[in-house]
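Close look at the chain arrangement
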Amino acid sequence: MSLPRRHLLVAAGAAVWLRPAHATPLEMELAIAAFTGGAPLREGRVTLEIAPLVENGNAVPVGLGVDEAPAPGAVRALALFTSGNPQPGVIVARFGPRSGRARLDTRMRLASSQTVVALAQFADGSCWRRSAEVVVTLAACVES
């Protein structure tokens, strides 16, 4: 029997929504497939800069880009996904022909130690990935 993503608990006349503490592997796969549009993923061409060990998961610095400097407009989008947060999708940044360098620096919350996946979609339709394992000593994104 397959359990839905959100479970409904009915007790003493009250309805309460329960969510899993982290995304399921299927949710992660579906989120990535939605970004790629079904294009096969290849390893490489994406840079993912994140510390392998972070003390606090509340504001983890992360950088995304591409290995080489492609022609303007060659990179359509960069995206970041996590396997251990309640929602697998962190951010998608879209780039146009006048965007210049395809680079994204931000901070994100990590609920626990997990895999972080960076994706790049190029104008030719190809999609590339790079992943990193991150160990978090103090978790964030925990729902009570």
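Just above, that's the structure.
The sections below set out a description of the structure shown in this document. As the structure is a computational prediction, the values presented were derived from the model and not from experiment.

**Focus: the nonpolar core**
Within the largest apolar cluster, 24 residues are counted, with the highest numbers of intra-cluster contacts made by Leu 48, Ile 50, Leu 78, Leu 80 and Val 116. Phe 35, Ala 79, Phe 81 and Val 117 belong to the second largest nonpolar core, which has eight residues in total.

**Some points on the side chain of Asn 85**
Counting through the fold element by element, Asn 85 comes out in the loop between β7 (75-82) and β8 (89-94). Within the structure, the side chain of Asn 85 is placed 3.1 Å from the side chain of Gln 114, a separation counted as a polar contact.

**Regarding the packing of aromatic side chains**
According to the stated counting rule, one finds one aromatic pair in the structure shown. Between Phe 35 and Phe 81, the aromatic rings sit 6.2 Å apart at their centres with planes inclined by 65 degrees, giving edge-to-face as the arrangement. Of the two residues, Phe 35 sits in helix α1 (residues 25-36) while Phe 81 sits in strand β7, which places them 46 residues apart along the sequence. Exposure remark for Phe 81: the relative accessible area of 4% places this residue in the buried category.

**Regarding the sheet that holds strand β6 (residues 60-66)**
Pairing is antiparallel across the open sheet formed by three strands, whose spatial order is β4-β6-β9. The open sheet terminates on both sides in strands that have one partner only, identified here as β4 (46-49) and β9 (104-108). Pairs of neighbouring strands in the sheet enclose a mean axial angle of 20 degrees, with direction left out of account. Direction of pairing for β6 relative to β9: antiparallel, over a ladder of five bridges. Counterpart to Pro 61 in the pairing with β9 is Arg 107.

Conventions used here
Residues numbered from 1 in each chain as written. Predicted model: local features only at pLDDT ≥ 70, side-chain atom pairs only at ≥ 80, totals over all residues. Heavy atoms only, no water. Core = buried A, V, L, I, M, F, W, Y, C linked by side-chain atoms within 4.5 Å. Buried < 20%, exposed > 50% of the residue type's maximum accessible area, 1.4 Å probe, protein only. Helix = DSSP H or I, 4+ residues; strand = E, 2+ residues; numbered from the N terminus. Polar contact = N/O pair within 3.5 Å; in protein donor to acceptor, adjacent residues only side chain to side chain. Phe/Tyr/Trp six-rings, centres within 6.5 Å; stacked < 30°, edge-to-face > 60°. Pairing = 2+ DSSP bridges. Axes fitted to C-alpha atoms, helices over the stretch in contact; angles between N-to-C directions.

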